[in-house]
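Close look at the chain arrangement
Chain by chain, the residues:
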Amino acid sequence: MDAAWSVKSCARVRFSLVGESHIRFGARRKSSRSRELLVRSPRRPHNRATVETKSIFHLTAIKHIIAGLMANNEESQTISREVLQFQEERSTGVGKPASRLGGTGLWSHFLSYEWSSALLYLFLDAVSWLAIYRMAGWFRYDAFYATPFQFFIINLIQLGVIVIGLYFVGGYDRTVEKLTLGYAVEHILAVTAAAIVSAMLIYSAATFDQTMKPSRGVLLLSFAIFLPVSLAYRRWIRQYVVASSASRSFLVIGGGATATRFYQAYRNSPNGQQLEFVDVNEERVGQPIAGEGSPIVQGNLAAKLTNLGKRYSGIILAEKASSLSTHLLERLVHAQFQETRVYTLESFYETQWRYVPLGIIDPFWPLQSGFQLARTSPYHYLKRLFDVIASATALIICAPLFVLVTLLIWMRDGSPIFFPQERVGRDGRRFILFKFRTMRRSDQADEDIYTREGDRRVTSVGRWLRKLRLDELPQLWNALKGEISLIGPRPEWSKCAERYEQTIPFYHFRHLVKPGITGWAQVNYPYGESNEDAVEKLKFDLYYIRHYSLKLDAMIVLKTLYTMLFGKGR
């Protein structure tokens, strides 16, 4: 069999697909000129996409036969690389099919830039708001504001409040999916909050300037019209952004285990762009990155780096910088500043998926630059001031709710009303956290530490309290005392924390920041009921620690409101 299929002997493999086209492969001579693919076009006309699909199908078949029958032959590896190189010229990678919506021309080219969508959203927000507000107040212009300059200043303030609100929910972020119901609700909340803040600013200014006579009707009508309009063109532009990106790929430099793990994470993500893997050392060229059906590792990195802007949306480094040559690093630096964005794995995870993967951090991770927590910041004091004012105000406003919930629990399930539990706070300090009791008491030593879906221990009243997050209200007292913050990683039960610190790498990093009633993990990941869930939530907690800021806290507040309003708690 080996002799029959030797490269030195005469061999010809012929494929035919329902009489459509033929691919002939000749390997009689050793010269590279004789090793070529002949694609014979059929006589009747075909759609271009159909011909390319069939060609790629035949090339794949050739690749597998060569790999299976000539695996130990050096010349076969050269042939396989030539087949892959031909395939690269016909396709931009392995991934999800591109949409026709993107089209070609100036519009598609404009949307291919990362900054384009943000600039377009900002421009449309400014134009639409000025037009809507102007038309709404047209008939009362003289009585509304005394001078055109006054009108301009008020519009500028209102527009600034709108932009800040939408910025907090990712309204200008290219990576945020704007076609989902979740974003629509966050968009509504952001515009509603902007309307309230704008009204407060305008009427506060009117108390000092009697020439201003703001109309509540005009203000409310303007925001009521702006809200659906701004959401509609964001959804429309997002479709074109996705379509323009679908025809371009991410170039992943690396072919080892790290690249394999990244591909598996990418496959389970909502990203629709294609991936091309290239091995710097060309040791895995021709092999699938993660088994059958996954992208084939390619070579010839230098050629790919010469045409970055038109073909790739970005470069992802799945190799350690120490393993790359000086020339390649210089080329990547040039690409980062002049052609396309270059991501490390950590920056890609944080930018695209908003969490930090545990596999690429080390014990020195907190020592990196850019950590807001690593130095005394004015935001520390501002946040503590906000915690005191907000928690005290909420305790007063929610006093009737405390009475109502207390009566419901006492009437249906008796006492105790509150559930105290030891939790772990910042720097590992222990404290007692209070919640409304939502479960029946049990004295079993082997009781499950997790609350499962449909858990029978949860009371009828407790089920509704959990859905609406009302069982968390007593924690406002903990926030007022300074044991926790309103926003931060959830304080873990001391029993669970001891287990996680022994089994989950870098779990102790989450104790670098004060825990909170709601956090980034709570609004992005379902209720945890296993060690695996604890690992996933830790990734989001580390992202919060890495990007600790006013913007992130504001995003958490809006997402928490969405969770409460739509009963997403458990």
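Structural notes, computed from the coordinates. (Residues numbered from 1 in each chain as written. Predicted model: local features only at pLDDT ≥ 70, side-chain atom pairs only at ≥ 80, totals over all residues. Heavy atoms only, no water.)

What follows is about the sheet that holds strand β9 (residues 430-436). Ordered by their spatial adjacency, 3 strands build an open sheet running β9-β8-β11, and the pairing between neighbours is antiparallel. Two strands in the sheet have a free side with no partner beyond their single neighbour: β9 and β11 (492-493). For strand β8 (residues 418-424) and β9, the ladder comprises 7 bridges, and the chain directions are antiparallel. Within β9, the residue paired with F418 across the bridge is F436. (Pairing = 2+ DSSP bridges. Helix = DSSP H or I, 4+ residues; strand = E, 2+ residues; numbered from the N terminus.)

A few words now on the pattern of salt bridges. In the structure shown here, the tally under the stated rule is 16 salt bridges. Two residues, D427 and R429, come together in a salt bridge whose shortest N-O distance is 3.7 Å. Residue E536 is joined to K539 by a salt bridge in which the shortest nitrogen-to-oxygen separation is 3.2 Å. Of the two residues, E536 and K539 are both situated in helix α20 (residues 531-546); the distance of 3 residues between them amounts to about one turn of the helix. Connected through shared salt-bridge partners, E276, K304 and R311 make up one network. (Salt bridge = Lys/Arg side-chain N within 4 Å of Asp/Glu carboxyl O.)

Two elements in contact, helix α4 (residues 116-136) and helix α6 (residues 148-168), have axes whose closest approach is 10 Å; the angle formed by their N-to-C orientations is 135°. On the basis of the axis angle, α4 is oblique to α6. The interaxial crossing formed by α4 with α6 has right-handed handedness. Here α4 contributes L122, D125, A126, W129, L130, Y133 and R134 to the contact with α6, which in turn contributes F151, I154, N155, Q158, L159, I162, V163 and L166. The residue makeup of the contact of α4 with α6, split by class, is 11 nonpolar, 2 polar and 2 charged. (Axes fitted to C-alpha atoms, helices over the stretch in contact; angles between N-to-C directions. Parallel < 35°, antiparallel > 145°, perpendicular 65-115°, else oblique. Left-handed = near helix turned anticlockwise from the far one by under 90°. Contact = heavy atoms within 4.5 Å. Nonpolar A, V, L, I, M, F, W, Y, C, P; charged D, E, K, R; others polar.)

It is worth spelling out the sheet that holds strand β7 (residues 341-344) at this point. Pairing is parallel in the open sheet, where 4 strands are placed in the order β5-β4-β6-β7. Single-partner strands in this sheet number two, and they are β5 (274-278) and β7. This sheet shows a mean twist of 25° between the axes of neighbouring strands, independent of strand direction. Seen against the sheet, helix α12 (residues 326-338) touches β4 (249-253), β6 (312-317) and β7 and runs at an angle of roughly 120° to β7. Against the sheet, helix α13 (residues 345-353) makes contact with β4, β6 and β7, and its axis sits at roughly 105° relative to β7, the strand it touches most.

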